[in-house]
Amino acid sequence: MKKIMILSFMLVMILGIMGNGVQAALSCNMSVQASKTELTKNEVFTVNVNLSNIQSEKGVIALQATLEYDKNSLELVEMEGKNGWETPKDNKTYNAANGKIAIDRDEPGNSAETVFSITFRVKESSKQNLLVSLRDIVVADGTKPAKISQTSQNLTVTDGTQNPVPQPDPDEPDVNPGDNNTTNTNNNGSIIGGNTNKNVTTNTAGKNVSTNGRLPKAGNNGVIFITIIGLIAIVAVIFFLKMRLLNKEMKS
């Protein structure tokens, strides 16, 4: 009976380590959606940055991205964090010079929600056709970060100066506004460059998300876990065989 209890305990340890070491890859969809797409000069409107279809055991807790818009046509009035997300603040979590944003959340979340909103004012010198984009998006759940393709919103200023309709960056697939068919690219911990003056260390469920203008890279945890599992399995087998041999000797 004692042998069975010890062996069962070791098997539970093995299964527990396997459960912690094997986790589904993080994925989610993002979109930028304007309160209205047909505008006039001097009009104020908002653009929401939305998360949806989150596939993660823990939930998303950190986000980095690059905000792009025509600064000659639009004035950024303010940004506001929503649903527990911090507000992107200039010279802290937002770099106005290059558009880099790096923010986190109070705790991991799996619900579809608005991350933050952006309020713009259309300038008097605005062009007719505009594009607001969020590029180089990286999200993290406290383990491995995931890179997501860009998302953008086309706008029309009816009394603006005529110009060609701007197109998203051809090197990075775009997601239609409000469309959840986000294309996930490599999930290898790609990071965003640039200086956001952001330094965040968050501990959640024993996992650290540490960022200094970037999200954490995935390491060699898989190899380490497999090695540990293999060693424990070998020890368990040897122990079991020795106990069987001892049992036979006692019976004889």
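Brief notes about the pairing of strand β9 (residues 129-140)
Here is step 1: Taken across its 12 residues, β9 has 11 buried, putting it largely inside the fold.
Here is step 2: Looking at chain direction, strand β4 (residues 60-68) and β9 are connected through six bridges and run antiparallel. Bridging from a neighbouring strand, Leu-67 pairs with Leu-134 of β9.
Here is step 3: The sheet contact formed by β9 and strand β11 (residues 151-157) spans six bridges and is antiparallel. Bridge assignment links Leu-134 to a residue of β11, and that residue is Thr-151.
Here is step 4: For β9 and strand β10 (residues 146-148), the ladder comprises three bridges, and the chain directions are antiparallel. The residue of β10 that forms the bridge with Val-139 is Ala-146.
Here is step 5: Counting the residues that bridge the hairpin from β9 to β10 gives five residues, and of these Gly-142 lies at a positive phi of roughly 100 degrees.

Structural notes on the sheet that holds strand β1 (residues 27-34)
Here is step 1: Read across the sheet, four strands follow the order β1-β3-β8-β5 without closing on themselves; strand pairing throughout is antiparallel. Lying at the two open borders of the sheet, with one neighbouring strand each, are β1 and β5 (74-81). Across the sheet, the mean angle separating the axes of adjacent strands is 20 degrees when strand polarity is ignored.
Here is step 2: With seven bridges joining them, β5 and strand β8 (residues 113-122) adopt antiparallel strand pairing.

Topic: unusual backbone geometry
Here is step 1: In this structure, Asn-42 is a non-glycine residue whose phi angle is positive, near 70 degrees.
Here is step 2: Topologically, Asn-42 is positioned in the loop between β2 (38-39) and β3 (44-55).
Here is step 3: One non-glycine residue, Asn-53, adopts positive backbone phi at about 50 degrees.
Here is step 4: The exposure class of Asn-53 is partly exposed, given its relative accessible area of 43%.

Calculation rules
- Per chain, residue numbering runs from 1 following the sequence as it is written.
- A pLDDT threshold of at least 70 governs which residues receive local features in this predicted model, and a stricter bar of 80 or more applies before side-chain atom pairs are shown or counted, although totals over entire chains, interfaces and linings include all residues.
- The basis for every side-chain value is the complete set of heavy atoms in the structure, and neither hydrogens nor water enter the calculation.
- Partly exposed describes any residue whose relative accessible area lies between the buried limit of under 20% and the exposed limit of over 50%, with all areas from a 1.4 Å probe on protein chains only and scaled to the type maximum.
- Labels follow the DSSP assignment, with helices taken as runs of H or I lasting at least four residues and strands as runs of E lasting at least two, numbered in each case from the N terminus.
- Following DSSP output, two strands are said to pair if at least two bridges run between them.
- Only the contacting stretch of a helix is used when fitting its axis, a line to C-alpha atoms as for every element, and angles between N-to-C directions run 0 to 180 degrees.

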